[in-house]
Amino acid sequence: MTPEHAPTAGATAVRDHEDPADEALLEVSNLRVRYKNGALGVRDVSFTVGTARIVALLGANGAGKTTTVRAISGFLRSEGARVQAGTIRLGSQDITNWEPHQICKRGVCIVPERRKVFANLSVSENLNALGAQMPRGAAKAAVEERVFGLFPTLADRRRELAGRLSGGQQQMLAIGRALMSDPKLLIIDEMTLGLHHSLHEPLFEAIKGISRSGSAVIMVDESTRNALDVADHCVLLASGQVRVAGASESFVGNELLVAGYVDA
């Protein structure tokens, strides 16, 4: 274990590997991201996401979590950033520095923070907004029913304008819209940010349902306790590097979490 990945003094060691039974869907290897102004957003990040597994990225503000997921989804260029070193592989394909629409076509979809929905469109219109990226016919109907099964409140509001929904309902809609492309990998950035605690449990239960349906999930969330409850694997980032990674149960009550949040 390198010094950067070593546990802090007094902390319980955490396993730094993936379950060998997991089929690798996504492999992030030695990722390094630099912005146009020269700043490093990520220094050295590596982890693997297995098929239909849930991985939580943890760490303090500025640790590199959002930069990492934007690198995976292809949305770095809009911020004047680029993967400078390392690779991102989806299955056998290197998707490093690909455009977002190319990555989405390969089955990776991101739900950005702040519940970005089309306020002047109805719930149904929002769900259908992906257009050509969506399955057709019976497959589309099946995915739509999957969304409404995860979020029954949306089924009751199909014709309602998204701008009239509560914050929690808008987050459900944003996730549901991403699911309409039937992704292999769903990335959710700050799912519970600004939402009442009463909404956390149903959202995290939906994450488990998404995984059971066959989609892998990478989530970045400030609700660490809930993230640990649903994730199969956790990656703790600090200063743009992996501090430690392992099975989620290894992180419960671990001093490494505290160290990760104060040393960012």
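One can find the structure itself at the top, above this paragraph.
Now for a description of the structure that goes with this document. These numbers were taken from a predicted model, which means no experiment stands behind them. (Residues numbered from 1 in each chain as written. Predicted model: local features only at pLDDT ≥ 70, side-chain atom pairs only at ≥ 80, totals over all residues. Heavy atoms only, no water.)

What follows deals with helix H4 (residues 137-150). Residue pairs three or four apart in sequence face the same way in an α-helix, which turns once every 3.6 residues. Compared with the 20 Å implied by 1.5 Å per residue over 14 residues, the 20 Å span of H4 between its first and last C-alpha is a close match. Listed in full, the buried residues belonging to H4 are Val143, Glu144, Arg146, Val147 and Phe148. The elements touched by buried residues of H4 are helix H3 (123-127), helix H5 (152-155), helix H6 (167-179) and helix H7 (200-212). (Helix = DSSP H or I, 4+ residues; strand = E, 2+ residues; numbered from the N terminus. Expected span 1.5 Å × (residues − 1). Buried < 20%, exposed > 50% of the residue type's maximum accessible area, 1.4 Å probe, protein only. Contact = heavy atoms within 4.5 Å.)

Turning to helix H1 (residues 65-73), a few remarks are in order. Buried residues dominate H1, accounting for seven of its nine residues. Those residues of H1 that fall on the buried side of the exposure criterion are Lys65, Thr67, Thr68, Val69, Ala71, Ile72 and Ser73. Once H1 ends, the next one or two residues include Gly74, with phi positive near 90°.

Here strand S7 (residues 185-189) lies mainly inside the structure; five of its five residues are buried. Burial along S7 is two-sided: Leu185, Ile187 and Asp189 and Leu186 and Ile188, pointing in opposite directions, are all buried. As paired elements, strand S6 (residues 108-111) and S7 share four bridges and run parallel to each other. Among the inter-strand pairings, Cys109 is bridged to a residue of S7, identified as Leu186. As judged from the five bridges shared by S7 and strand S8 (residues 216-220), these two strands associate in the parallel manner. Following the sheet pairing, Ile187 is matched in S8 by Ile218. (Pairing = 2+ DSSP bridges.)

The subject of this paragraph is the environment of His233. Relative to the elements of secondary structure, His233 occurs in strand S9 (residues 233-238). Overall, the relative accessible area of 6% leaves His233 in the buried class. With 180 residues separating them in the primary sequence, His233 and Arg53 have C-alpha atoms 8.0 Å apart. Only 3.3 Å separates the side chain of His233 from the backbone oxygen of Gly246, close enough to count as a polar contact. (Polar contact = N/O pair within 3.5 Å; in protein donor to acceptor, adjacent residues only side chain to side chain.)

This paragraph deals with the state of the cysteines. Counting across every chain of the model gives zero disulfides. Of all cysteine sulfurs in the structure, the one in Cys109 sits closest to Cys104, which takes part in no disulfide; the separation is 4.6 Å. Under the relative-accessibility criterion, Cys109 is labelled buried at 9%. (Disulfide = S-S within 2.5 Å.)

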